[in-house]
Amino acid sequence: MKEIRIHGRGGQGSVTAAEIIAVAGFEDKKYSQAFPAFGVERRGAPVMAFVRIADQPIRVRSQIYNPDYVLVQDVTLLDVVDVAAGLKPDGKIIINTDRPKEKLKLKTEAQVVTIDATKIAMEILGRPIVNTIMLGAFCGATGQVSLESMNAAVSERFKGELGRKNLAAIKEAYERVSHA
Amino acid sequence: MRKVVEGSYAIAQAVKCCDPDIISAYPITPQTHIVENLSQMVADGELKAEFITVDSEFSALSALVGSSAMGARSYSSTTSQGLALMYEVLYNVSGLRMPIVMTVANRAMGAPLNIWNDQQDSIGARDCGWIQLYAENVQEAMDLTPQAYKLAEDPDILTPVMVCMDGFILTHVYEPVEFLDHDKVKQFLPPFKPKITLDPAHPVTIGAFADPSTFTEYRYLQQDAQNKALGKIDTIAKEFKETFGRYYGGLIDTYRMEGADAAIVTLGSVIGTIKDALDEMWAEGKKVGLVKVRSYRPFPVKALRDSLKDVSSIAVIEKDVSIGNEAGLTTDLKAAFYNTGMKTPIIGFTAGLGGRDITLKDIKKAGDKALAAAKGPEAEFEFLTLRKEIL
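Conventions used here
- Residues numbered from 1 in each chain as written.
- Chains lettered and ligands numbered in written order.
- Predicted model: local features only at pLDDT ≥ 70, side-chain atom pairs only at ≥ 80, totals over all residues.
- Heavy atoms only, no water.
- Helix = DSSP H or I, 4+ residues; strand = E, 2+ residues; numbered from the N terminus.
- Contact = heavy atoms within 4.5 Å.
- Areas by Shrake-Rupley, 256 points an atom, 1.4 Å probe, with all protein chains shown as cover.
- Lys, Arg positive; Asp, Glu negative; His and termini not counted.
- Charge placed at Lys NZ, Arg CZ, Asp CG, Glu CD.
- Buried < 20%, exposed > 50% of the residue type's maximum accessible area, 1.4 Å probe, protein only.
- Arc of directions from axis to C-beta.
- Pairing = 2+ DSSP bridges.
- Axes fitted to C-alpha atoms, helices over the stretch in contact; angles between N-to-C directions.
- Buried area = accessible area lost by both parts, 1.4 Å probe.
- Salt bridge = Lys/Arg side-chain N within 4 Å of Asp/Glu carboxyl O.
- Polar contact = N/O pair within 3.5 Å; in protein donor to acceptor, adjacent residues only side chain to side chain.
- Nonpolar A, V, L, I, M, F, W, Y, C, P; charged D, E, K, R; others polar.
- Disulfide = S-S within 2.5 Å.
- Phe/Tyr/Trp six-rings, centres within 6.5 Å; stacked < 30°, edge-to-face > 60°.
- pLDDT = per-residue confidence, 0-100.
- Patch = residues over 30% accessible without salt bridge, like charges linked within 9 Å, V, L, I, M, F, W, Y side chains within 5 Å.
- Core = buried A, V, L, I, M, F, W, Y, C linked by side-chain atoms within 4.5 Å.

### A look at the overall build of chain B
- Along chain B, the regular secondary structure elements total 13 helices and 15 strands.
- Counting only C-alpha atoms, chain B reaches 70 × 55 × 45 Å along its principal axes.
- For chain B, the share of sequence-separated contacts (at least 6 apart) that also reach a separation of at least 24 residues comes to 81%.
- As displayed, chain B has an accessible area near 16,100 Å², and 53% of this comes from carbon and sulfur atoms.
- Computed over 40 positive and 51 negative side-chain charges, the inter-centroid distance for chain B is 4 Å.

Following this line, the structure appears as structure tokens:
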């Protein structure tokens, strides 16, 4: 079983990202489970969402304390939340930032992957909403969900022109991270 | 069709397949998505039901008293303070023998204000005459919905049913579920045809005054119907299996009880986490099993005695507390043993109150205490994950 924790701020689509990973994992013929760290929704406040993907039915329902992968949608969270808490040493943390990873001073032995998702979002979507771009980066960096399934899951959620733009953004993020 | 959807949407789909005539509900977190989805289905013409919007939960269930008396299959859903606001009507519905089904998206009772999950709301309503069934996962909550109608509408039962599912943990999770097939549900659940309905052409009185010469007998008949439900719950679960292929046990289910030294008894969505924790405990040589209570009312006294007769000690984990005593399931289980001569130590834990996460570590701690209790309980009742440092 692989466990994923997503950090973001209210309004950045962290819960949606978790749901899309669960749908994509299912498309890959695996079992999946996604849920938010249920809070009173407030725009801008730190939020978390969780995903599990496994080859067997998933029974455990506690929150995720030792993730294999962490996604951070907003680099300013590093000042207020220990985003790498409990991250497995052989895991990966993917952060949306324009800063080089050495400057992030993350307390983790895990591999740090950075991507300037906000820049890609502004170029392709015209809005600083990065959740689908982080999904592309997740596919590229971890291989835990196939790009085809991720595209299918995103297309199910976002239709028409918005869906096409999101697929382009995912492809861009996937390629940047895969070639890094 | 198998799909990953939100728990609340899955429940709305299951309710739709039961062809309710009338739905009346007042939105309240974390039940809201269930009734929003149903309201949308009605508005889209997907579901041929009338959705009565109301000013409160009291009105929601009161409206269903009227519709059920007319012979309409009636549905509602609520949680927490909403269920509390229905309290007076809960007794009216069960006393009038109305087979209403209601999904309770379990949530803590305020104050302090808290929107998160525990089971204080429905456990606190255990004496209201409703049947209470508890689901472990979204699929079970879905599958219980047509089973609940079949049970409630059985002429020998005619008792309302609460299908209890943990708020947020099950209502807001995305996980794979098998959707119910509408035609198959139609075969499984025949149309609701009560013998007596309100009909201007054939006037009757429903809800007449009962003086001391008859009131006791009305209560006895309710008790008798719940006793009969003890048998029907498993029969219906097996009929469901024949049609849909899924079965979760009848009144109770067990896990790793074969050769277990101690047992954990619980209800609701924490069961999945417990199963994973028990696998780890067995790998460490600690033989702790699980008894899952599916039906809390009627309380499955005999099934629990039989399933627990071979263990040396028992821990109950539940998400409620009877402030001033212990907690509902703990007390009920002890009472079930008393006249049998079974002297197995039973210890109770309240956990997961107001959304406090229950981890594998917490379960293993309770399991260790259960094993140790074979030598006599250290404490009768404990708060399992108490943060002593902030008291």
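Next comes the rest of the account.
### Focus on helix 2 (residues 117-125) of chain A
All names here are of chain A.
- Taken together, the buried positions of helix 2 are occupied by Ala117, Ile120, Ala121 and Leu125. Within helix 2, the buried residues cover an arc of 100° as seen down the axis, which keeps them to one side.
- Remark: glycine 126 follows helix 2 within two positions and exhibits a positive phi of approximately 75°.

### Details of the sheet that holds strand 15 (residues 381-383) of chain B
All names here are of chain B.
- If you trace the six strands from one edge of the open sheet to the other, you get 9-11-10-13-14-15, paired in mixed fashion. Each edge of the open sheet is held by one strand with a lone partner, namely strand 9 (252-255) and strand 15. Neighbouring strand axes in the sheet, compared pairwise and without regard to direction, differ in orientation by 20° on average.
- The strands touched by helix 10 (residues 270-283) within the sheet are strand 9, strand 10 (262-266), strand 11 (288-293) and strand 13 (313-318), with strand 11 carrying the most contacts at an inclination of about 165°.
- Helix 13 (residues 360-372) contacts strand 10, strand 11, strand 13, strand 14 (346-350) and strand 15 of the sheet and is inclined by roughly 150° relative to strand 13.

### So, the interface of chain B and chain A
- Listed as interface residues are 27 residues of chain B and, on the opposing side, 21 residues of chain A.
- Counting each side, the surface lost to burial between chain B and chain A is near 2,000 Å², with a carbon and sulfur contribution of 58%.
- Counting the surface chain B buries against chain A, the share from its top three residues, Val4(B), Tyr174(B) and Asp357(B), is 28%.
- The tally of links between chain B and chain A comes to three salt bridges.
- Salt-bridge contacts for Glu175(B) lead to Arg61(A); the nearest nitrogen and oxygen are separated by 3.0 Å.
- Taken together, the connections running from chain B to chain A amount to nine residue pairs in polar contact (both at pLDDT 80 or more).
- Secondary structure elements with two or more residues in the side of chain B that touches chain A: strand 1 (2-6), strand 8 (174-178) and helix 10 of chain B.
- Here the residues of the side of chain B that touches chain A are counted per class, giving 13 nonpolar, six polar and eight charged.

### Side note on the state of the cysteines
Residues and elements named next belong to chain B.
- Scanning the model with the defined rule gives zero disulfides over all chains in all.
- This cysteine, cysteine 128, is not joined by any disulfide, and cysteine 164 carries the nearest cysteine sulfur, 12 Å off.
- For cysteine 128, a relative accessible area of 1% translates into the label buried.
- Accessibility expressed as a relative area gives 1% for cysteine 164, which makes it buried.

### So, the packing of aromatic side chains
All names here are of chain B.
- The final tally for this structure, using the stated rule, is ten aromatic pairs over all chains.
- With a centroid separation of 5.6 Å and an interplanar angle of 70°, the aromatic rings of tyrosine 87 and tyrosine 91 are classed as edge-to-face. Taken as a pair, tyrosine 87 and tyrosine 91 lie in helix 5 (residues 87-95) at a separation of four residues, close to a single helical turn.
- Using a relative accessible area of 40% as the deciding quantity, one classes tyrosine 87 as partly exposed.

### Structural notes on the confidence of the model for chain B
- For chain B, mean pLDDT is 97; residues scoring 70 or higher make up 100% of the total.
- Prediction confidence for the complex, expressed as pTM and ipTM, is 0.97 and 0.95 respectively.

### Comments concerning a nonpolar patch on the surface
Residue and element names in this part refer to chain B.
- On the surface, a cluster of nonpolar side chains totalling about 430 Å² of accessible area is made up of Met70, Ile196, Leu198, Val204 and Ile206.
- Along the chain, methionine 70 turns up in the loop between helix 3 (57-69) and strand 4 (74-78).
- On the basis of relative accessibility, which here comes to 52%, the residue methionine 70 falls in the exposed class.

### As for the sheet that holds strand 4 of chain B
All names here are of chain B.
- Strands sit in the order 3-2-4-5-7-6-12 across an open sheet of seven strands; the sheet is mixed. Looking along the sheet, the strands with just one partner apiece sit at the ends: strand 3 (50-53) and strand 12 (295-297). Strand-to-strand, the axes of this sheet are offset by a mean angle of 20°, without reference to chain direction.

### Some details on the pairing of strand 8 of chain B
Residues and elements named next belong to chain B.
- Of all five residues that make up strand 8, four are buried, and the element is covered over most of its length.
- When strand 1 meets strand 8, the two strands line up antiparallel, connected through five bridges. The residue of strand 8 that forms the bridge with valine 4 is proline 176.

### Considerations on the environment of Glu318(B)
Residue and element names in this part refer to chain B.
- Along the chain, glutamate 318 turns up in strand 13.
- Separated by 257 residues in sequence, glutamate 318 and leucine 61 have C-alpha atoms that sit 27 Å apart.
- Ignoring anything within four residues of it in the chain, the contact list for glutamate 318 reads Ala327, Gly328, Leu329, Thr330, Phe349, Thr350 and Ala351.

### Remarks on the nonpolar core
- Among the nonpolar cores identified, the biggest contains 99 residues, and Leu38(B), Leu90(B), Val265(B) and Leu308(B) are the most heavily contacted of them.
- At eight residues, helix 7 (residues 138-153) of chain B tops the list of elements feeding residues into this core.
- Residues contacting Leu38(B), with those up to four places away along its chain left out, are Ala12(B), Val15(B), Lys16(B), Ile23(B), Leu47(B), Phe51(B) and Tyr75(B).
- Residues Ile6(A), Val23(A), Leu125(A) and Val130(A) belong to the second largest nonpolar core, which totals 43 residues.

### A closer look at the environment of Trp116(B)
All names here are of chain B.
- Looking at the secondary structure, you find tryptophan 116 in the loop between strand 5 (101-106) and helix 6 (120-123).
- Judged by relative accessible area, which is 23%, tryptophan 116 ranks as partly exposed.
- For the pair tryptophan 116 and aspartate 166, spaced 50 residues apart in the sequence, the C-alpha separation amounts to 9.3 Å.

### Some details on the pattern of salt bridges
Residues and elements named next belong to chain B.
- One pass over the structure, following the stated rule, counts 38 salt bridges over all chains.
- Here aspartate 127 makes a salt bridge to arginine 126, at a shortest N to O gap of 3.4 Å.
- Residue aspartate 127 is classed as exposed on the basis of its relative accessible area, which comes to 51%.
- Here aspartate 234 makes a salt bridge to lysine 238, at a shortest N to O gap of 2.7 Å. Placement of both aspartate 234 and lysine 238 in helix 9 (residues 215-244) is noted, with a separation of four residues, approximately one turn of the helix.

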